[in-house]
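One-letter residues, chain by chain:
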Amino acid sequence: MSKKTATKKAGTRKDLTKTQWILKEMVRNKVAYFMVAPYMILFAMFTVMPVILSIVVSFTDFNLLEWPNFVFLDNYISLFFDDDIFLIACKNTLIFAIIVGPVSYLMSFLVAWFINELPPRIRALVTLVFYAPSIGGNVYLIWGTLFAADSYGWANATLLKLGIITKEIAFFKDEKWVMPLCIIVALWISLGTSFLAFIAGLQGIDRAQFEAGAVDGIKNRWQELYYITLPNMKPQLMFGAVMAITGAFGFGGVVDALCGFPSVNYAAHTIMHHLNDYGGMRFEMGYSSAIAVILFVIMVGANSLVKRMLSKVGT
Amino acid sequence: MARLRTRKHKVVLARSAGGDAGITFVLAILGAFMFLPMLYVLMQSVKPLDELWMYPPRFYVMHPTLENFIDLFNLMNTSWVPFSRYIFNTVFTSVAGTFGHLFLASLAAYALAKIKFPGAGWMFQAVQLSLMFNATVTATASFILMSALGFLDTYWAIIVPAWCSSLGLYLMKQFMDTNVNDSVLESARLDGASELKTYWVIAMPMVKPAWLTLIIYSFQGLWNAGASMYIHSEQLKSFNYAIGQITAGGIARAGASAASTVIMMMVPITVFVVSQSNIIETMGSSGMKD
């Protein structure tokens, strides 16, 4: 008799249909719904609803003034076939993302890991040195001062003094310089949220595992990193990857502040700029929503790619 | 106790001197790249006006002065709405937004990570995906929503969206997944603790590094918030906005502007230092054994 009930509990419940089973589970875990409700209700109102609305709007010609008409895929078609600047923006965004994404991700992890190897006393201070550029809202404007277009800029003055150049370079107004400089500034402020998550994640690993690893014959810190640290950090690594992707593909604010909008000859024009141009200035909401949907699809694609790569970590 | 364990950790694992040197070297190079521009920010703020516009420009300050800060405070006193009001607005929205977010997000993250219930999977998926959707295009819908709720031109318009930001939930869920031990939760439940109590007394202390991190960046985001499109009354606007208005006066205000960057950073840096040293302190005792 007891054996029979045991199998009944563990195995498939033949007496219940799937819907009934789900309902039963829902009632059994009703406390969980109360716990997620405050957050999820607000999240649905302030995030999910606006996002769904924007996706719908991307199939219309909504411009904030007139009643929108359905235009189906017209916005998407004109983006790819009639809008040369959008294609420039795509190219620039990809260049930014391919360089800034992986470099900032690896830098965040390596620096966090290196800091974790330092004596505890100085860790907080060293962390501050690396995180400080991300703290101040627009402290990156200092790069505008350092690389100012006239000879009062430190970079120009130094290069003139050394005789490398004979005439000032307008760094942020020069097609050749805009991209590399913006990438450098992006990397300068890239040790942000994911860096902190890595630091916190490294603190949370059970010390006993390292001791057990040493007993099991782990010889150096690289083996320790590969066999113990990385597998334990998977959720944080995933978090960091999402941050790197959204940061790299959504890059744009720094360019605006340093180069002005639009950047010279669209040399640093990203998808983000294109979107803000149509959504924030021309109020062509349908068109800009279509851009947002495309950006979203790109990021989701990049994310699933990274997820697949990360699933191989430490196996 | 903590020190003893750290020392043991060092004894057990071989740390080559070459590796230590390599790590220090890489950190020093990257650190210089990070730190020198920050140092320049500090230098600029204490340079008198003639050094700010000196040719050729010098990296280091020759005659440090607090003139710029005094200038900035004098400019603040001339503002139409008392400056303390802007500061209050920002402090209030930053604190209320951060702690509300911390509480709601960690509560939901606990349920999503540690209670198996139908729907948990796609709820988390939705939060994760929402991080990748751009906010500019959702602005119209958000504005309509704010106006329907009567939040326009109130603190609510800043605070409530901060409560349900996606980032905090995602971070807390990821940490709850790894750092909270299921067997400990199970024994607490068997002892008759309610889920709410398990969350607060058992799970939250285990993810202390995570919520200290959440406090840092949520606070910093709200602190640095500029003008909001939901707020039009002057007396409800933010500190960052107000300081931007008075330093936007061109060359004559370059000194005050340099000082304002430093002033704006002070508070987030303080929050950072306090939380971060706490994170590192917890480290020694967080290695829990079962």
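Residues numbered from 1 in each chain as written. Chains lettered and ligands numbered in written order. Predicted model: local features only at pLDDT ≥ 70, side-chain atom pairs only at ≥ 80, totals over all residues. Heavy atoms only, no water.

Further remarks concern the overall build of chain A. Across its full length, chain A holds 16 helices and 0 strands. For chain A, the C-alpha radius of gyration of 26 Å lies well beyond 20 Å, the compact-globule estimate for 315 residues. In terms of overall dimensions, chain A has a C-alpha envelope of 95 × 65 × 30 Å along the principal axes. Counting all 315 residues of chain A, 51% fall into the buried class. (Helix = DSSP H or I, 4+ residues; strand = E, 2+ residues; numbered from the N terminus. Rg over C-alpha atoms; globule rule 2.2 N^0.38 Å. Buried < 20%, exposed > 50% of the residue type's maximum accessible area, 1.4 Å probe, protein only.)

This part covers the domain arrangement of chain A. Domain assignment breaks chain A into domain 1 (1-57) and domain 2 (73-310). Placing the centre of domain 1 of chain A and that of domain 2 of chain A at their C-alpha centroids yields a distance of 37 Å. (Domains from an automatic or database assignment.)

So, on to the confidence of the model for chain A. All names here are of chain A. Averaged over every residue, the pLDDT of chain A is 85; the share at 70 or more is 95%. For chain A, the element scoring lowest by mean pLDDT is helix 1 (residues 2-10), at 43; helix 3 (residues 30-57) scores highest, at 92. This model gives residues 1-11 a pLDDT under 50, and the stretch forms 2 contacts once residues within four places in sequence are excluded. (pLDDT = per-residue confidence, 0-100. Contact = heavy atoms within 4.5 Å.)

Before going further, it helps to spend a moment on the packing of aromatic side chains. The final tally for this structure, using the stated rule, is 37 aromatic pairs over all chains. Ring geometry for Trp113 of chain A versus Phe114 of chain A: centroids 5.8 Å apart, planes at 35°, classification tilted. Residue Phe114 of chain A is classed as buried on the basis of its relative accessible area, which comes to 8%. Consider the rings of Phe143 of chain B and Tyr230 of chain B, whose centres lie 6.1 Å apart with planes at 25°: the pair is stacked. Placement of the pair is Phe143 of chain B in helix 7 (residues 139-149) and Tyr230 of chain B in the loop between helix 12 (208-223) and helix 13 (239-247), with a sequence separation of 87 residues. By relative accessible area, which is 32% here, Phe143 of chain B ends up partly exposed. An aromatic cluster of three or more residues is present, and its members are Trp143, Phe147, Phe171, Trp177 and Trp188 of chain A together with Phe33 of chain B. Seen from the ring of Tyr278 of chain A, Arg282 of chain A lies directly overhead, with NZ or CZ sitting 4.4 Å from the centre. The ring of Phe124 of chain B has Lys173 of chain B lying over it, and the distance from NZ or CZ to the ring centre is 4.3 Å. (Phe/Tyr/Trp six-rings, centres within 6.5 Å; stacked < 30°, edge-to-face > 60°. Lys NZ or Arg CZ within 6 Å of the ring centre and 35° of its normal.)

Turning to the interface of chain B and chain A, a few remarks are in order. Across the contact, 102 residues belong to chain B and 101 residues belong to chain A. Between chain B and chain A, roughly 8900 Å² of surface is buried when both sides are summed, and carbon and sulfur atoms account for 76% of that area. When residues of chain B are sorted by the area they lose upon contact with chain A, Met34, Met132 and Phe133 of chain B head the list and together hold 9% of the total. In this structure, Arg221 of chain A engages Asp20 of chain B in a salt bridge whose closest nitrogen and oxygen atoms are separated by 2.9 Å. Across the chain B-chain A interface, the total number found is 11 residue pairs in polar contact (both at pLDDT 80 or more). A total of 15 residues in the side of chain B that touches chain A trace back to one element, the largest contributor, which is helix 2 (residues 17-45) of chain B. A per-class count over the side of chain B that touches chain A returns 67 nonpolar, 27 polar and 8 charged. (Buried area = accessible area lost by both parts, 1.4 Å probe. Salt bridge = Lys/Arg side-chain N within 4 Å of Asp/Glu carboxyl O. Polar contact = N/O pair within 3.5 Å; in protein donor to acceptor, adjacent residues only side chain to side chain. Nonpolar A, V, L, I, M, F, W, Y, C, P; charged D, E, K, R; others polar.)

Turning our attention to the nonpolar core. Counting 179 residues, the largest nonpolar core has Tyr39 and Phe195 of chain A together with Phe117 of chain B as its most contacted members. A total of 14 residues in this core trace back to one element, the largest contributor, which is helix 5 (residues 84-117) of chain A. For this core, the two domains that each supply at least three residues are domain 1 (1-57) and domain 2 (73-310) of chain A. In contact with Phe195 of chain A, other than residues within four places in its own chain, are Ser108, Val111, Ala112, Ile115, Thr127, Phe130 and Tyr131 of chain A. (Core = buried A, V, L, I, M, F, W, Y, C linked by side-chain atoms within 4.5 Å.)

For the rest of this paragraph, the subject is the pattern of salt bridges. Two side chains of opposite charge can pair, provided their charged atoms sit close to one another. If you walk through the whole model with that rule in mind, you get 9 salt bridges over all chains. Of the charged contacts in the structure, one is a salt bridge between Arg282 of chain A and Asp277 of chain A, with a shortest N-O distance of 2.9 Å. It is possible to trace a salt-bridge network through shared partners that takes in Glu117 and Arg221 of chain A together with Asp20 of chain B.

Residues and elements named next belong to chain A. Its location among the elements puts Asp277 in helix 15 (residues 271-281). Judged by its relative accessible area of 9%, Asp277 falls in the buried class. In this structure the side chain of Asp277 is engaged in a polar contact, spanning 2.9 Å, whose partner is the side chain of Arg282. Among residues more than four places away in sequence, those in contact with Asp277 are Phe261 and Arg282.

Residues and elements named next belong to chain A. Among the residues making up helix 11 (residues 207-215), those that are buried are Arg207, Phe210, Glu211, Gly213 and Ala214. Summarising the axial view, the buried residues of helix 11 lie within an arc of 160°, below the 170-degree limit, and thus occupy one face. A positive phi of about 100° marks Gly217, the residue just after helix 11. (Arc of directions from axis to C-beta.)

With that settled, the discussion passes to the packing of helix 9 (residues 166-179) of chain B against helix 12 of chain B. Residues and elements named next belong to chain B. Taken N-terminus to C-terminus, the directions of helix 9 and helix 12 make an angle of 165°; their axes are 10 Å apart at the nearest point. Considering the angle they form, helix 9 stands roughly antiparallel to helix 12. In this structure, helix 9 crosses over helix 12, and the sense of that crossing is right-handed. The residues of helix 12 that touch helix 9, namely those facing Leu167, Gly168, Leu171, Met172 and Phe175, are Ala210, Trp211, Thr213, Leu214 and Tyr217. Taken together, the residues of the contact of helix 9 with helix 12 sort by class into 8 nonpolar, 2 polar and no charged. (Axes fitted to C-alpha atoms, helices over the stretch in contact; angles between N-to-C directions. Parallel < 35°, antiparallel > 145°, perpendicular 65-115°, else oblique. Left-handed = near helix turned anticlockwise from the far one by under 90°.)

Moving on, we come to helix 4 (residues 74-81) of chain A. Since the α-helix advances by 3.6 residues per turn, residues separated by three or four positions end up pointing in the same direction. All names here are of chain A. Every buried residue of helix 4 is listed here: Asn75, Tyr76, Ser78 and Leu79. Down the axis, helix 4 shows its buried residues gathered within 170° of arc, on one side only. Close packing links the buried residues of helix 4 with helix 3, helix 5, helix 15 and helix 16 (285-310).

What follows concerns the environment of Met107 of chain A. Along the chain, the position of Met107 of chain A falls in helix 5. Residue classification places Met107 of chain A among the buried positions, given a relative accessible area of 13%. Separated by 84 residues in sequence, Met107 of chain A and Leu191 of chain A have C-alpha atoms that sit 7.6 Å apart. Beyond its immediate sequence surroundings of up to four residues, Met107 of chain A is in contact with Leu187, Ser190 and Leu191 of chain A together with Leu30 and Met34 of chain B.

Residues and elements named next belong to chain B. With respect to the helices and strands, Asn89 occurs in helix 5 (residues 83-114). For Asn89, a relative accessible area of 2% gives the class buried. Side-chain polar atoms of Asn89 contact the backbone oxygen of Lys237, separated by 2.8 Å. Those residues in contact with Asn89 that lie beyond four places of it in its chain are Tyr155, Gln235, Leu236 and Lys237.

With that settled, the discussion passes to unusual backbone geometry. The backbone of Phe72 of chain A shows a phi angle near 55°, a positive value even though the residue is not glycine. Mapped onto the secondary structure, Phe72 of chain A falls in the loop between helix 3 and helix 4.

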